[in-house]
Amino acid sequence: MSNVVEINNLMKSYENGHIKALNGIDLTIWEGEFVSIIGPSGSGKSTLLNMLGALDLPDSGSINVAGYDLTSNKKLNEFRAKKIGFVFQLHNLIPNLSVVENIEIPMFTSNLSNSEMRSKALSLLEQVGLKDKASQKPSKLSGGERQRVAIARALANDPSIILADEPTGSLDSKTSNKILKLLIDLHKSNNVTLIIVTHDMDVARLADRIIEVLDGQLVNTSDDSLLENKIDVE
Amino acid sequence: MSFLKFIIKNPFRRKNSAILSIVGICIGIIVIVALGGITNGLVSTFEDTIHAGGADFSISGKETGDSAYGTNTIDANWTDKIANVSGVEEAYPIYVILTSVGDDYMNTLIGIDPNGTQLADISMTEGRLFKDNASEVILGKIYADDNNLSVGDSLKIDGEDFDIVGIYETGDSNMAGAVFTSIKKVAEINDDEDSISNIYVKVNKGEDAQTVADRIDSMYGDNITTISSVMEMEQMGSMLNMLRASSWGISLLAIVVGGLGIINTMLMSVFERTREIGVLKAVGWSNRKILTMIVGESLVITIVSAIIGSVIGVVLCLVLAPMMGLSPVFTPDIFVQAFIIAIIVGIIGGLYPASKAVKLPPTEALRYE
Ligand SMILES: Nc1ncnc2c1ncn2[C@@H]1O[C@H](COP(=O)(O)OP(=O)(O)OP(=O)(O)O)[C@@H](O)[C@H]1O
Ligand SMILES: [Mg+2]
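Residues numbered from 1 in each chain as written. Chains lettered and ligands numbered in written order. Predicted model: local features only at pLDDT ≥ 70, side-chain atom pairs only at ≥ 80, totals over all residues. Heavy atoms only, no water.

Caption draft 1: Quick peek at the overall build of chain A. Scanning chain A from terminus to terminus reveals 8 helices and 10 strands. Taken over the C-alpha trace, chain A has a radius of gyration of 17 Å; the compact-globule value for 234 residues is 17 Å, and the two agree within 12%. Its C-alpha atoms give chain A principal-axis dimensions of roughly 45 × 40 × 35 Å. Put simply, 68% of the contacts in chain A that link residues at least 6 apart link residues at least 24 apart. (Helix = DSSP H or I, 4+ residues; strand = E, 2+ residues; numbered from the N terminus. Rg over C-alpha atoms; globule rule 2.2 N^0.38 Å. Contact = heavy atoms within 4.5 Å.)

Below, the structure written as structure tokens:
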């Protein structure tokens, strides 16, 4: 197994250095791994995830994801388009577009034809169990359904990594479980690396590995002990 | 879904704002199209006027100045003198008097030699020309219509019955509502064989009309004066230039006002869609693509405005212009101008908001509530 994420001594501060959001992170993640990131509010979880998805540039240190060097401004669009699928706490769907059109949005960066885009979007909708809602507007869907559409959108360009920042944060626990099960199933069936930021220990324990962030640094945790606690969602 | 369809859908998410922008730009386009049509219409009637009459210029008495159909007269023997000036091919006198015509106590009666009518700016639409020294008249179409007269009717002039033998049309407003008969008949009515009002002059082929007019001016300038269509052309030309200038002025105004309106609309739109733009960045859209999207949306608004504005401009012009005695002419260049302006406004109006969207850091955009 090769590593898909390689981070060394990564630093990121805000407000002219007064807030050290990331304060020397070293992290390796293997291809196809399912990792959860936990930690108190304001500890730097989202900042770390944003670095992994090249939504922000670090101040110093090195970060290499799926073969792309993310410390420079080069090719970041291409990287995000080809390698990363984001799932946010809020679905962030475009309200005037139908469900299937929303899933096609990331494909505008590829060179698929309109009909290829449509058939791919429909097959993704099938994977998340919403094929019958293809032509609905997002406003007609439930919160869980919207999040499933967002997951389908994240998979649109066959990413290497799915980055999910509290993907069930706005859902009730029953819906939340369904969404997690879906993410884990897709992670397995598509062999895609899954990194989830969560506050919920029950969610975190589903992962192959838990990473705890505290004040911008990783807390040393024993992988093995956590793996023993892993619950099976099925 | 194509990228184009996505761009076309977007501006109409905020319907009121889109409609407001469209109305604003539409008004500019309507004015540009209407003014263009009217200017073109004036150019073509003007060209008709210049080319219709066979005369190159006319001559009138010195004291009448430039009032071509004033009541001042010159001596009838000027016709022969002018005809003998070198370069002059033909010279025909006309005699314009005011006399009782039909029910009118006073109307314009124009006398001309039947052979000279081709030098006057008239064309027969019905019937035939009057015969020399006969009690026959031809009527301007406007006069005939106003008085419900047609060929075959008779008309009382200065107490004498005249047969109406023809109807003519003219681009010359001085003659449109007048009545023509032979110059001998007018002299008889006015009891004055020795006076005429004006002389129509046609120059030899290959002669420059202005040169011949200058020659006449230098020989007889103390007594008579030449009124050349060249002068009219200059006056008309400067008026047309003014119209064209105001058309461009309004275009410029439309660009500024329309541009500001669209910048405002698009800035609001970018602001409201901050999170969405963050998502587009997160899924890998390049800055160029986001720029294309915003400028494209702005162009959708301005091009829709140009289409609606052109249609309204043409319809409005065709309905209103005839009431003002104008006949607009629409040529492709008018619409090209309208669309070029719409495109300029669209690009200018979209670029600044687009640059705002592009500069937005993705994390900030996604955090935006
Ligand atoms: N764009 C920014 N400008 C200024 N400060 C920021 C910015 N982004 C993050 N921070 C700060 O950096 C620190 C880490 O923020 P981050 O969002 O990574 O926390 P988090 O672990 O995701 O918290 P939460 O669980 O509440 O989402 C916080 O103190 C936050 O206020
Ligand atoms: Mg967070």
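Further notes follow.
Caption draft 2: Fine view of the overall build of chain B. When you go through chain B residue by residue, the secondary structure sums to 12 helices and 12 strands. Relative to a compact globule of 369 residues, whose C-alpha radius of gyration would be 21 Å, chain B shows 31 Å and is clearly more extended. Across the 369 residues of chain B, 50% fall into the buried class. Of the contacts made within chain B by residues no fewer than 6 positions apart, 80% connect residues no fewer than 24 positions apart. Entry remark: accessible area of chain B is about 17400 Å², with carbon and sulfur atoms responsible for 58%. (Buried < 20%, exposed > 50% of the residue type's maximum accessible area, 1.4 Å probe, protein only. Areas by Shrake-Rupley, 256 points an atom, 1.4 Å probe, with all protein chains shown as cover.)

Caption draft 3: Region of interest: the interface of chain B and chain A. Contacts between the two partners involve 23 residues from chain B, matched on the other side by 25 residues from chain A. Together, the buried faces of chain B and chain A total about 2100 Å²; carbon and sulfur atoms form 61% of this surface. Area buried by chain B at its contact with chain A is led by Met1(B), Val283(B) and Thr363(B), which between them contribute 29% of it. Across the contact surface, chain B and chain A share 2 salt bridges. Note that Glu101(A) is salt-bridged to Lys5(B), the shortest N-O span being 3.3 Å. Taken together, the elements giving at least two residues each to the side of chain B that touches chain A come down to helix H1 (3-9), helix H9 (274-282), helix H10 (287-320) and helix H12 (362-367) of chain B. Looking at which element gives the most residues to the side of chain B that touches chain A, the answer is H9(B), with 6 residues. Residues that form the side of chain B that touches chain A fall into these classes: 10 nonpolar, 6 polar and 7 charged. (Buried area = accessible area lost by both parts, 1.4 Å probe. Salt bridge = Lys/Arg side-chain N within 4 Å of Asp/Glu carboxyl O. Nonpolar A, V, L, I, M, F, W, Y, C, P; charged D, E, K, R; others polar.)

Caption draft 4: Spatial organisation of the site of ligand 1. In the region of ligand 1, 16 residues are neighbours, and Ser41(A), Gly42(A), Lys45(A), Ser46(A) and Thr47(A) sit closest. Residues close to ligand 1 are split across chains A and B. Here an oxygen atom of ligand 1 sits 2.8 Å away from a polar atom, N or O, in the main chain of Gly42(A). Contact distances for ligand 1 include 3.2 Å between an oxygen atom and a side-chain N or O atom of His199(A). Coverage of ligand 1 by the protein amounts to 76% of the 620 Å² it exposes when considered alone. Of all the secondary-structure elements, those providing two or more residues to the shell around ligand 1 are strand E2 (19-30) and helix H1 (45-52) of chain A together with H12 of chain B. In terms of residue count, H1(A) provides more of the shell around ligand 1 than any other element does, 3 residues in total. (Near = heavy atom within 4 Å. Polar contact = N/O pair within 3.5 Å; in protein donor to acceptor, adjacent residues only side chain to side chain.)

Caption draft 5: Highlighting a negative patch on the surface. Residues Asp75(B), Asp191(B), Glu193(B) and Asp194(B) make up a contiguous surface patch of negative charge. Mapped onto the secondary structure, Asp194(B) falls in the loop between helix H6 (183-190) and strand E10 (195-196). (Patch = residues over 30% accessible without salt bridge, like charges linked within 9 Å, V, L, I, M, F, W, Y side chains within 5 Å. Lys, Arg positive; Asp, Glu negative; His and termini not counted. Charge placed at Lys NZ, Arg CZ, Asp CG, Glu CD.)

Caption draft 6: Quick peek at the pattern of salt bridges. Residues and elements named next belong to chain A. Throughout the structure, instances matching the rule amount to 20 salt bridges over all chains. The residue Arg118 makes a salt bridge to Glu104 at a minimum N-O spacing of 2.5 Å. Here Arg118 is found in helix H4 (residues 114-127), whereas its partner Glu104 is found in helix H3 (residues 99-104), with 14 residues between them in sequence. Residue classification places Arg118 among the partly exposed positions, given a relative accessible area of 29%. Ionic contacts of the salt-bridge type, sharing partners, join the residues Lys12, Asp56 and Asp59 into one network.

Caption draft 7: Just the nonpolar core, in detail. Formed by 110 residues in total, the largest nonpolar core has its most connected members in Ile105(A), Phe6(B) and Trp285(B). When residues in this core are grouped by element, the largest group, 9 residues, is from H10(B). Leaving out residues up to four positions away in the same chain, Phe6(B) has contacts with Ile94(A), Leu97(A), Ile105(A), Phe108(A), Met1(B), Trp285(B) and Met293(B). (Core = buried A, V, L, I, M, F, W, Y, C linked by side-chain atoms within 4.5 Å.)

Caption draft 8: Molecular detail of the pairing of E2(A). All names here are of chain A. Two strands pair when backbone bridges link them, and strand E1 (residues 3-14) and E2 are joined in this way by 9 bridges, in the antiparallel orientation. Counted as the bridge partner of Val5 is Ile29 from E2. In this structure, the hairpin formed by E1 and E2 is closed by a connection of 4 residues, where Glu15 is found at a positive phi of approximately 50°. (Pairing = 2+ DSSP bridges.)

Caption draft 9: Region of the structure containing helix H11 (residues 332-359) of chain B. The terminal C-alpha atoms of H11(B), which comprises 28 residues, lie 40 Å apart, in line with the 40 Å expected from a rise of 1.5 Å per residue. Largest kink in H11(B): about 30°, centred on Leu351(B), with the proline Pro353(B) one to four residues after it. (Expected span 1.5 Å × (residues − 1). Bend = angle between axes of the 7 residues up to and from the residue.)

Shape is all these values report; function is a separate question.
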